[in-house]
Every structure is written in C-alpha cells, then in structure tokens.
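# Inside the fold
What follows is the residue order along each chain.
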Amino acid sequence: MPTVRQRIIDLIQARAMDAREISTAAGVGEKEVYVHMEHIARSVSGKGKTFRLNPAACLACGYVFRDRRRMTRPSRCPRCKAQRVSLPTYSITG
Ligand SMILES: [Zn+2]
C-alpha cells in the first residue's frame, strides 16, 4: 500500500493536477495536499526528477502569478484585485 505522498507523486507524474483534483484522487483534504506538496517539491529533485509548480492565473484579467513560490492559491489578483484566481497545478517530469 503506497503512502499518500507516493500516491500524489504518481498522480502528478501522470499529468498536472491542482490541489482540489489531488484531494479527490488521493483521498486527503485540500489543506493536507499543500503540506505534502512542499515535501514532494523538495524530495523529488534529489531523485533526478523536476517538480513544476504551474502558476495560478487571474480569471478576470489573465495575470499569471509567475514569481509566486507558495503552493497555495493566491487570494486575489495584484493587478485588478479580482478574487477569481485559478488554482496552481503541480507536475513532475524526468
Ligand atoms: Zn486580475
């Protein structure tokens, strides 16, 4: 039986997913997903793989949160102040 963390790794190696999708697929809470993701991001790089945080974007004006390194969704857009912001997705390549 694989651990939750291993299950998440398998999921995002297959395709990029956001925390909500991972939460459903791995059977853990969304907040828990963010905690696992911090660990996964650090641990996979030592195994010759690349963790990618695909940035969130503002659904109102299209602003992309490229410089953001946190795993969570930003609460509002710094450009237009809208709160309709997409979830970032995560993937592992290599
Ligand atoms: Zn915006």
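First things first, this report covers the structure right here in the doc. All of these numbers come straight from a predicted model, not from anything done at the bench.

## Notes on the overall build of the protein chain
When its secondary structure is counted, the protein chain shows 3 helices and 3 strands. Reading the helices (α) and strands (β) of the protein chain from amino to carboxyl end gives α-β-α-α-β-β. Over its C-alpha trace the protein chain gives a radius of gyration of 14 Å, about what one expects of a compact globule, namely 12 Å for 94 residues. Dimensions of the protein chain along its principal axes, counting C-alpha atoms only, are 45 × 25 × 20 Å. Per-residue burial for the protein chain yields a buried fraction of 18% across its 94 residues.

## Some remarks on helix α3 (residues 30–44)
Spanning 15 residues, α3 covers 21 Å between terminal C-alpha atoms, matching the ideal 21 Å at 1.5 Å per step. All buried positions along α3 are accounted for by V33, H36, M37 and I40.

## A look at the nonpolar core
I8, I9, I12, M17, A19, I22, A26, V33, M37, I40, Y90 and I92 form the largest nonpolar core, which has 12 residues in total. Secondary structure elements with two or more residues in this core: α1 (4–14), α2 (19–26), α3 and β3 (89–93). Once residues within four sequence positions are removed from consideration, V33 is found in contact with A19, I22, S23 and V28.

## Quick word on the packing of α2 against α3
Two elements in contact, α2 and α3, have axes separated by 9 Å at closest approach and are oriented at 100°. With respect to each other, α2 and α3 are oriented roughly perpendicular. For the pair α2 and α3, contact is made by A19, R20, I22 and S23 and by E30, V33 and Y34, respectively. Tallied by class, the residues present in the contact of α2 with α3 amount to 4 nonpolar, 1 polar and 2 charged.

Analysis parameters
- Residues numbered from 1 in each chain as written.
- Predicted model: local features only at pLDDT ≥ 70, side-chain atom pairs only at ≥ 80, totals over all residues.
- Helix = DSSP H or I, 4+ residues; strand = E, 2+ residues; numbered from the N terminus.
- Rg over C-alpha atoms; globule rule 2.2 N^0.38 Å.
- Buried ≥ 20, exposed ≤ 12 C-beta atoms within 10 Å, placed from the backbone.
- Expected span 1.5 Å × (residues − 1).
- Core = buried A, V, L, I, M, F, W, Y, C linked by C-beta atoms within 7 Å.
- Contact = placed C-beta atoms within 7 Å.
- Axes fitted to C-alpha atoms, helices over the stretch in contact; angles between N-to-C directions.
- Parallel < 35°, antiparallel > 145°, perpendicular 65-115°, else oblique.
- Nonpolar A, V, L, I, M, F, W, Y, C, P; charged D, E, K, R; others polar.

By themselves, these are just geometric observations and shouldn't be taken as functional.
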